[in-house]
Amino acid sequence: MKEKLYEGKAKIIYDIGSADTFLLEFKDDATAFNAQKRGTISQKGPRNRDISAALFRYLEGKGVPTQYVESVGEREMVAKRLRMIPVEVVVRNIAAGSLAKRLGLAEGTPLKRTVLEFYYKDDSLGDPMVNEYHIRAMDWATQDEINAMSDMALKVNDCLSEHLKGHGLKLVDFKLEFGVDRDGRVILGDEISPDTCRFWDLKTNEKLDKDRFRQDLGGVEEAYTEVWRRLVTV
Ligand code: TMP
Ligand code: ASP
């Protein structure tokens, strides 16, 4: 028995009659540019579920609390119920995407230090960039929660950059979302996948992520499958 609670652009959340958990279904639907571009990527849901599960398990082992409980079926994940903080936390190691455009940098320019950014999660506003003052002023998170998100995001960056390098992938940048559990703990939520990260091949810099869909580069399904092959099957 499962009841749909909410359908987002890439996932559906179902109530499964538990106070502590719900079910996340990973869809094949893909959107970009605040849903102005829409499509489907065959097998994206199962790939992203597997990749997220593998990376959440890896991060748990490194001491980062995540919402992951278990994988079920082909494209579903049992996850802890959290009160989600409506802020996207972006971490960047190399200039790409919106940073390259905004600051006029060539894509691929290494950054002299890691960049941390916050965006308010609201499609109707185009997910505007915000800072800690906005987050506090709007009461989206407390200072302690902002500090916890920042510390965890930088730790995730250190752990994942190293881990991915071992699998032939460069972690260019990524987006995380956090929630708060009933005990007030900040927990890593949502997903970590080629939808939410830029992964480049370590040797060739070939893009192996959603930029292939955003920029119509072709080989989209193949890229997701290649990341899945490297992170889940080996
Ligand atoms: P950006 O360069 O477009 O700002 O994206 C930075 C990172 O955040 C990139 O790895 C893709 C990810 N991202 C999302 O997960 N969701 C989004 O809505 C956007 C815009 C970016
Ligand atoms: N997922 C985002 C959207 O459709 C954008 C992106 O990932 O580029 O709004």
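Preceding this paragraph is the structure being described.
Residues numbered from 1 in each chain as written. Chains lettered and ligands numbered in written order. Predicted model: local features only at pLDDT ≥ 70, side-chain atom pairs only at ≥ 80, totals over all residues. Heavy atoms only, no water.

Q: Please give an account of the pairing of strand E7 (residues 76–80) that cites residues and values.
A: The element E7 is extensively covered by neighbouring structure, given that four of its five residues are classed as buried. Pairing of strand E6 (residues 68–72) with E7 involves four bridges; the strand directions are antiparallel. For Ser 71, the partnering residue across the bridge sits in E7 and is Met 77. Here E6 folds back onto E7 in antiparallel fashion, the turn holding three residues, of which Gly 73 has a positive phi close to 60 degrees. (Buried < 20%, exposed > 50% of the residue type's maximum accessible area, 1.4 Å probe, protein only. Helix = DSSP H or I, 4+ residues; strand = E, 2+ residues; numbered from the N terminus. Pairing = 2+ DSSP bridges.)

Q: Run through the sheet that holds E6, naming residues and quoting values.
A: What holds strands together in a sheet is hydrogen bonding between their backbones, with the strands either parallel or antiparallel. Spatial strand order, E1-E2-E3-E7-E6: five strands in an open sheet with antiparallel pairing. Taken across any chain shown, the strands that pair with only one partner, and hence form the sheet edges, are strand E1 (3–7) and E6. Taking each pair of neighbouring strands and ignoring which way they run, the sheet shows an average axis angle of 30 degrees. The sheet contact formed by E1 and strand E2 (residues 11–15) spans four bridges and is antiparallel. Residue pairing for E2: Lys 4 is matched across the bridge by Tyr 14. (Axes fitted to C-alpha atoms, helices over the stretch in contact; angles between N-to-C directions.)

Q: Break down the site of ligand 2 for me, with residues and values.
A: Around ligand 2, the neighbouring residues are Lys 9, Thr 31, Ala 32, Phe 33, Asn 34, Ala 35, Lys 210 and Arg 214. Separating an oxygen atom of ligand 2 from a backbone N or O atom of Asn 34 is a distance of 2.9 Å. Coverage of ligand 2 by the protein chains reaches 76% of its 270 Å² of free accessible surface. Among the cavities detected, the one that contains ligand 2 is the largest pocket. When grouped by side-chain class, the residues that make up the shell around ligand 2 number three nonpolar, two polar and three charged. (Near = heavy atom within 4 Å. Polar contact = N/O pair within 3.5 Å; in protein donor to acceptor, adjacent residues only side chain to side chain. Areas by Shrake-Rupley, 256 points an atom, 1.4 Å probe, with all protein chains shown as cover. 1 Å grid on protein atoms, 1.4 Å probe; cavity = no way out; pocket = protein on both sides within 12 Å on 5 of 7 lines; lining within 4 Å. Sits in = over half its atoms within 2 Å of the grid points. Nonpolar A, V, L, I, M, F, W, Y, C, P; charged D, E, K, R; others polar.)

Q: Outline the site of ligand 1, supporting the account with residue identities and numerical values.
A: Of all residues adjacent to ligand 1, which total 14 residues, the nearest are Arg 92, Ser 98, Asp 173, Lys 175 and Arg 198. The side chain of Ser 98 places a nitrogen or oxygen atom 2.6 Å from an oxygen atom of ligand 1. The contact in question runs from an oxygen atom of ligand 1 to an N or O atom on the side chain of Arg 198, over 2.9 Å. Most atoms of ligand 1, that is more than half of them, are within 2 Å of grid points of the largest pocket. When residues of the shell around ligand 1 are traced back to their parent elements, those giving at least two are strand E8 (83–94), helix H2 (97–103), strand E11 (169–180) and strand E13 (197–201). For the shell around ligand 1, the leading source of residues is E11, giving three residues.

Q: I'd like a description of the pattern of salt bridges, backed by residues and values.
A: Applying the stated rule across the entire model yields 30 salt bridges. Here Lys 44 ties to Asp 195 by a salt bridge, and the two come within 2.6 Å at their closest N and O atoms. One end of the pair, Lys 44, is in helix H1 (residues 44–61); the other, Asp 195, is in the loop between strand E12 (186–189) and E13, with 151 residues separating them in the sequence. In this structure, Glu 88 engages Lys 121 in a salt bridge whose closest nitrogen and oxygen atoms are separated by 3.7 Å. Separated by 33 residues along the polypeptide, Glu 88 in strand E8 and Lys 121 in the loop between strand E9 (110–120) and strand E10 (129–130) bring together distant segments of the chain. Look at Lys 121 and you get partly exposed, because its relative accessible area is 41%. (Salt bridge = Lys/Arg side-chain N within 4 Å of Asp/Glu carboxyl O.)

Q: I'd like a rundown of the environment of Tyr 133, residues and numbers included.
A: Looking at where Tyr 133 falls in the secondary structure, it is placed in helix H3 (residues 132–137). Residue Tyr 133 is classed as exposed on the basis of its relative accessible area of 70%. For the pair Tyr 133 and Gln 143, spaced 10 residues apart in sequence, the C-alpha to C-alpha distance is 9.5 Å.

Q: Break down the packing of aromatic side chains for me, citing the residues and quoting the values.
A: The full count for this structure, using the stated rule, is one aromatic pair. Note on Tyr 120 and Trp 140: the rings are 3.9 Å apart at their centroids and 10 degrees apart in plane angle, and the pair reads as stacked. With Tyr 120 in strand E9 and Trp 140 in the loop between H3 and helix H4 (143–165), this pair connects stretches of sequence that are 20 residues apart. Given a relative accessible area of 14%, Trp 140 falls into the buried group. Seen from the ring of Phe 213, Lys 37 lies directly overhead, with NZ or CZ sitting 4.9 Å from the centre. (Phe/Tyr/Trp six-rings, centres within 6.5 Å; stacked < 30°, edge-to-face > 60°. Lys NZ or Arg CZ within 6 Å of the ring centre and 35° of its normal.)

Q: Describe in detail helix H6 (residues 220–232), supporting the description with residues and values.
A: Here H6 contains 13 residues, and its C-alpha end-to-end distance of 18 Å stays within 8% of the 18 Å for a straight helix at 1.5 Å per residue. Listing the buried residues of H6 in full gives Val 220, Ala 223, Tyr 224, Val 227, Trp 228, Arg 230 and Leu 231. Residues of H6 that are buried make contact with H1, H4, E11, E13 and helix H5 (211–214). (Expected span 1.5 Å × (residues − 1). Contact = heavy atoms within 4.5 Å.)

These results come straight from atomic positions and should not be treated as a statement about function.
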